[in-house]
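Structure at a glance
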Amino acid sequence: MEQVTQASAKLSYARISSRKVKTVIDLIRNKNVGEAMAILKFTPKSAAEIVEKLLASAIANAENNFGMDTEKLYVAEIYANQGPTLKRVRPRAQGRAFRIRKRTSHITVVLKEKE
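Everything numeric in this text was worked out from a predicted model, so none of it was measured.

From N to C terminus, the protein includes 3 helices and 5 strands. Counting from the amino terminus, helix and strand elements in the protein follow one another as β-α-α-α-β-β-β-β. Computed over its C-alpha atoms, the radius of gyration of the protein comes to 18 Å, more than 25% above the 13 Å expected for a compact globule of 115 residues. For the protein, the C-alpha atoms occupy an extent of roughly 70 × 30 × 15 Å along the three principal directions. Counting every position in the protein, which comprises 115 residues, the buried fraction comes to 34%. Here the analysis covers contacts within the protein between residues at least 6 apart in sequence; of these, 72% occur between residues at least 24 apart. Summing over all exposed atoms, the protein offers an accessible surface of approximately 7,600 Å²; the carbon and sulfur share of this is 47%. A distance of 23 Å separates the average location of the 22 positive side-chain charges in the protein from that of its 11 negative side-chain charges.

Structure representation (structure tokens):
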């Protein structure tokens, strides 16, 4: 029987811009999951909390669905793509309206086991 060597987790429509998420995910790419969790815990960005939860989910998936050893796991791939933009209107002076773009993102984490 072939051993599955990767587990993943995906978060769609996260209410944060993918640009803000990318600064955080660049910190943990190719790190061990323990080290990655520690980095996220002490990163003072709003995206860090979201990514930390997603990473915890990916670890749980690896352990429960594929029987992988959590000690050997590392973040093989992690990326954030732009999701749909929610368009809102803000009233301005003299009856004008300015558009507010509330951006969303899709974040994906792929974990692999070190050989």
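Here the narrative resumes, following the displayed structure.
With respect to the helices and strands, Ala14 occurs in strand β1 (residues 6-14). Of the residues examined, Ala14 reaches a relative accessible area of 7% and is grouped as buried. The spatial distance from the C-alpha of Ala14 to the C-alpha of Ala38 is 22 Å, given a sequence separation of 24 residues. Every residue in contact with Ala14, bar those within four places of it in the chain, is listed here: Arg103, Thr104, Ser105 and Ile107.

Once that is clear, we can look at a positive patch on the surface. On the surface, a cluster of positive charge is made up of Arg15, Lys20, Lys45, Arg88 and Lys102. In this structure, Lys102 sits in strand β4 (residues 97-102). Note on Lys102: relative accessible area 32%, which makes it partly exposed.

On to the pattern of salt bridges. Enumeration according to the criterion identifies 2 salt bridges in this entry. Residue Arg29 is joined to Asp26 by a salt bridge in which the shortest nitrogen-to-oxygen separation is 2.8 Å. Between Lys41 and Glu52 there is a salt bridge whose closest N-O contact spans 3.1 Å. Of the two residues, Lys41 sits in helix α2 (residues 33-41) while Glu52 sits in helix α3 (residues 46-66), which places them 11 residues apart along the sequence. Given a relative accessible area of 55%, Lys41 falls into the exposed group. Exposure remark for Glu52: the relative accessible area of 17% places this residue in the buried category.

Cut-offs applied
Counting restarts for each chain: residues are numbered from 1 in the order of the written sequence. With pLDDT at 70 or above as the cut-off, local features in this predicted model cover only qualifying residues; side-chain atom pairs require 80 or more to be listed or tallied, and sums for whole chains, interfaces and linings still use all residues. The basis for the side-chain values is all heavy atoms of the structure; hydrogens and waters are excluded. Secondary structure elements follow DSSP: runs of H or I no shorter than four residues count as helices, runs of E no shorter than two count as strands, and numbering proceeds from the N terminus. Atoms counted for the radius of gyration: C-alpha only. Globule rule: 2.2 Å times residue count to the power 0.38. Only protein chains enter the accessibility calculation, which uses a 1.4 Å probe. A residue is then buried if its area is under 20% of the maximum for its type, exposed if over 50%, and partly exposed in between. A contact between two residues is defined here by any heavy atoms of the two lying within 4.5 Å. Surface accessibility follows the Shrake-Rupley procedure with a 1.4 Å probe radius. Residue values consider only the protein chains on display as shielding. This count recognises Lys and Arg as positive and Asp and Glu as negative, with His and chain-terminal groups excluded. By convention, charge coordinates are those of NZ in Lys, CZ in Arg, CG in Asp, or CD in Glu. Each patch groups residues whose relative accessible area exceeds 30% and which form no salt bridge, using 9 Å between like charges and 5 Å between nonpolar side chains of Val, Leu, Ile, Met, Phe, Trp and Tyr. A carboxyl oxygen of Asp or Glu within 4 Å of a side-chain nitrogen of Lys or Arg is what we treat as a salt bridge.

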